[in-house]
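# A structural walkthrough
For reference, the chains in residue letters:
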Amino acid sequence: MNKFVYDIPTKVYFGKDQIGNLGKELSKFGKRVLLTYGGGSIKKIGLYDAVVEQIKEAGLELFELSGIEPNPRVDSVREGAQICKDQNIDVLLAVGGGSTIDATKFIAAAACVDHDAWDFLDTSKWAPIEKALPIVSILTLSATGSEMDTAAVISNLETKEKIGRMDRNLLPKVSFLDPTNTFTVSPYQTACGSADIISHIMEVYFNQENDLYMLDCFMEGMLKTVIKYAPVAMVEPDNYEARANLMWASSWAINGFITAGKRHAWSCHPMEHELSAFYDITHGLGLAILTPRWMEYCLDESRVDKYVQFAVNVFGVDPSGEKMEIAKKGIELLSKFFFETLGLKSNFTEIGIKPEDFSAMAKQACRGGVIEGFKPLAQADIEKIYQMCL
Ligand code: NZQ
Ligand code: ZN
């Protein structure tokens, strides 16, 4: 295995009633706070009022940017960056799901430069991210891990692109993870978020490099955790244990810990980002449809052992059978979990994704060249995987 650096600096307040620490944490970065949020769910759940109260009690000045969209647009980033510049903002407070936190990350970076925010994401420019304003987050949806990772993904409707970028300057300084803030997440978003967490783990678990046994066990444990608790949270939305397990799993699936120096590319994420770019679908839904097909496409004698490990250790498949059969059983059980247990739509046809876009989407998915993931994927491979999803 590769050598690696462990350095995950986000301070996490986990659990109920931690919001009393918000004012103290924000104050460390200055007085002028820009609160960012989405379409209003934080008002419905009473979190908005609680946040405003904390900010006022701490004697801080409050500014707001609302309306950040799912699959956040670069226009929201531009608007937020302008507020930061005009109002001399010291610290950003993102309250919401991955979309709000992602947009806030690029607002924080764009506030520190004179050029357009999209220059950070335009692959022909890739403007350096040399600094960013400090970010504090309050997570309301367990899915992306944006609360504790270096990544953010932004959509540009004009260019039909959805681009992700990682940079340590984008890491939240502090994140508040209170599972009760996710009690109101709908069964559908709970299912999609859980599929996203699973995919983040699978992208690392299925890779070309030698594995650290300890981390494989950790990943299998997290996969089993999501498989156990996502269905519980869907039928009992205020089950604290279920929501807490999903929340902590979402952060640890992508905060860099399980990667441990692995250099391989992710596969399903670039394929999915094109679905969201072209059709504005929910990220986790696209991943749920793609992942079992991608696994099927990559399965061969040279890779079968990893599938067997997955099937046996995650789904408890009997290890005594023939390897290929065990591998296929693992894929079948994962499909059943996504499409029967979580009730997600199982193919592109059902969600209106059409074959005429496959070529353009596949071309964009490998805009950086062949995806050197678990199995290298060129444009033609991606088109075949899309075909399998119909
Ligand atoms: O906008 P509001 O009103 O807040 O409603 C949201 C939104 O409609 C709602 N919601 C959030 N918390 C809620 C709630 N509804 C009721 N109660 C609550 N407590 O849920 C809807 C979806 O929210 P969104 O933030 O879009 O979901 P998610 O957290 O899944 O974020 C998805 C975005 O993150 C990107 C995705 O591509 C997508 O754009 N990703 C970010 C990653 C990262 N930063 O590392 C990695 C991921 O792989 C992913 O690509
Ligand atoms: Zn994801």
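On a predicted model such as this, the values are computed, not experimentally measured, just so you know.

Counting residues in hydrophobic clusters, the biggest one holds 77 residues, and the most contacted among them are W294 and Y386. Sorting elements by how many residues they give to this core places helix α7 (residues 213–235) first, with 10 residues. Ignoring anything within four residues of it in the chain, the contact list for Y386 reads M271, E274, L275, L290, F348, F358, M361, A362 and A365.

All right, on to the domain arrangement of the chain then. Segmenting the chain into domains produces domain 1 (11–181) and domain 2 (187–388). Between domain 1 and domain 2, the C-alpha centre-to-centre distance is 27 Å. Counting from both sides, the interface comprises 27 residues of domain 1 and, opposite them, 27 residues of domain 2. In terms of surface lost to domain 2, no three residues of domain 1 exceed M148, K160 and K162, which account for 26% of the buried area on that side. If you look at where domain 1 meets domain 2, you find seven residue pairs in polar contact (both at pLDDT 80 or more). Taken together, the elements giving at least two residues each to the side of domain 1 that touches domain 2 come down to β1 (11–14) and β7 (161–166). Of the residues contributing to the side of domain 1 that touches domain 2, the split by class is 11 nonpolar, eight polar and eight charged.

A four-donor tetrahedral metal ideally has 109.5 degree angles, and a six-donor octahedral metal ideally has angles of 90 or 180 degrees. Taken together, D196 (OD), H200 (NE2), H269 (NE2) and H283 (NE2) make up the protein donors of the zinc ion (ligand 2), found 2.0 to 2.1 Å from the metal. Linear spacing of the donor residues for the zinc ion (ligand 2) on their chain is D-x3-H-x68-H-x13-H. Placement of both D196 and H200 in helix α6 (residues 187–205) is noted, with a separation of four residues, approximately one turn of the helix. The same class applies to D196 and to H200, which are both buried.

Attention now moves to the pairing of strand β4 (residues 91–96). In regular strands, side chains alternate between the two faces of the sheet. Burial runs high along β4: six of the six residues are buried. Alternating positions in β4 separate into two faces, V91, L93 and V95 on one and L92, A94 and G96 on the other, with burial throughout. Pairing of strand β2 (residues 32–36) with β4 involves four bridges; the strand directions are parallel. Considered in β4, the bridge of T36 is made with A94. Of the strand pairs in this sheet, β4 and strand β5 (residues 135–139) are connected by five bridges, and their pairing is parallel. Looking at β5, one finds that G96 is bridged to L139. Handedness of the β-α-β unit built from β4, helix α5 (residues 98–110) and β5 comes out right-handed.

Spanning 19 residues, helix α12 (residues 323–341) covers 26 Å between terminal C-alpha atoms, matching the ideal 27 Å at 1.5 Å per step. In the core, the buried residues of α12 are packed alongside α6, α7, α10 (283–298) and α11 (304–315).

Around ligand 1 sit 32 residues in total, of which S41, G98, S99, D149 and K162 are the nearest. Within the side chain of T140, one N or O atom sits 2.8 Å away from a nitrogen atom of ligand 1. Burial of ligand 1 by the protein amounts to 88% of the accessible area it has alone, namely 960 Å². Of all the secondary-structure elements, those providing two or more residues to the shell around ligand 1 are α5, β6 (151–156), α6 and α9 (268–279). Among the residues making up the shell around ligand 1, the classes are represented as 10 nonpolar, 18 polar and four charged.

Our next topic: the pattern of salt bridges. Applying the stated criterion across every chain, the model contains 16 salt bridges. For R78, the salt bridge identified is with D75, shortest N-O distance 2.9 Å. Taken as a pair, R78 and D75 lie in helix α4 (residues 74–87) at a separation of three residues, close to a single helical turn. Of the charged contacts in the structure, one is a salt bridge between D119 and K125, with a shortest N-O distance of 3.4 Å. Overall, K125 belongs to the exposed group, its relative accessible area being 51%.

The next subject is the environment of N181. Within the secondary structure, N181 sits in the loop between β8 (174–177) and α6. N181 gets classed as buried once you look at its relative accessible area, which sits at 12%. For the pair N181 and G286, spaced 105 residues apart in sequence, the C-alpha to C-alpha distance is 25 Å.

What follows concerns helix α14 (residues 358–365). Buried within α14 we find F358, M361, A362 and A365. Around the axis of α14, the buried residues are gathered within 100° of arc, so they sit on the same side. Elements in contact with the buried residues of α14: α9, α13 (348–351) and α15 (379–388).

Here the focus is unusual backbone geometry. Phi is positive for D17, which is not a glycine, with a value near 55°. Locating D17 in the fold gives a position in the loop between β1 and α1 (22–27).

Rules of the game
- Residues numbered from 1 in each chain as written.
- Chains lettered and ligands numbered in written order.
- Predicted model: local features only at pLDDT ≥ 70, side-chain atom pairs only at ≥ 80, totals over all residues.
- Heavy atoms only, no water.
- Core = buried A, V, L, I, M, F, W, Y, C linked by side-chain atoms within 4.5 Å.
- Buried < 20%, exposed > 50% of the residue type's maximum accessible area, 1.4 Å probe, protein only.
- Helix = DSSP H or I, 4+ residues; strand = E, 2+ residues; numbered from the N terminus.
- Contact = heavy atoms within 4.5 Å.
- Domains from an automatic or database assignment.
- Buried area = accessible area lost by both parts, 1.4 Å probe.
- Polar contact = N/O pair within 3.5 Å; in protein donor to acceptor, adjacent residues only side chain to side chain.
- Nonpolar A, V, L, I, M, F, W, Y, C, P; charged D, E, K, R; others polar.
- Donors = N, O, S within 2.8 Å, 3.2 Å for Na, K, Ca; no water.
- Pairing = 2+ DSSP bridges.
- Right-handed = clockwise from strand over helix to strand, strands pointing away.
- Expected span 1.5 Å × (residues − 1).
- Near = heavy atom within 4 Å.
- Areas by Shrake-Rupley, 256 points an atom, 1.4 Å probe, with all protein chains shown as cover.
- Salt bridge = Lys/Arg side-chain N within 4 Å of Asp/Glu carboxyl O.
- Arc of directions from axis to C-beta.

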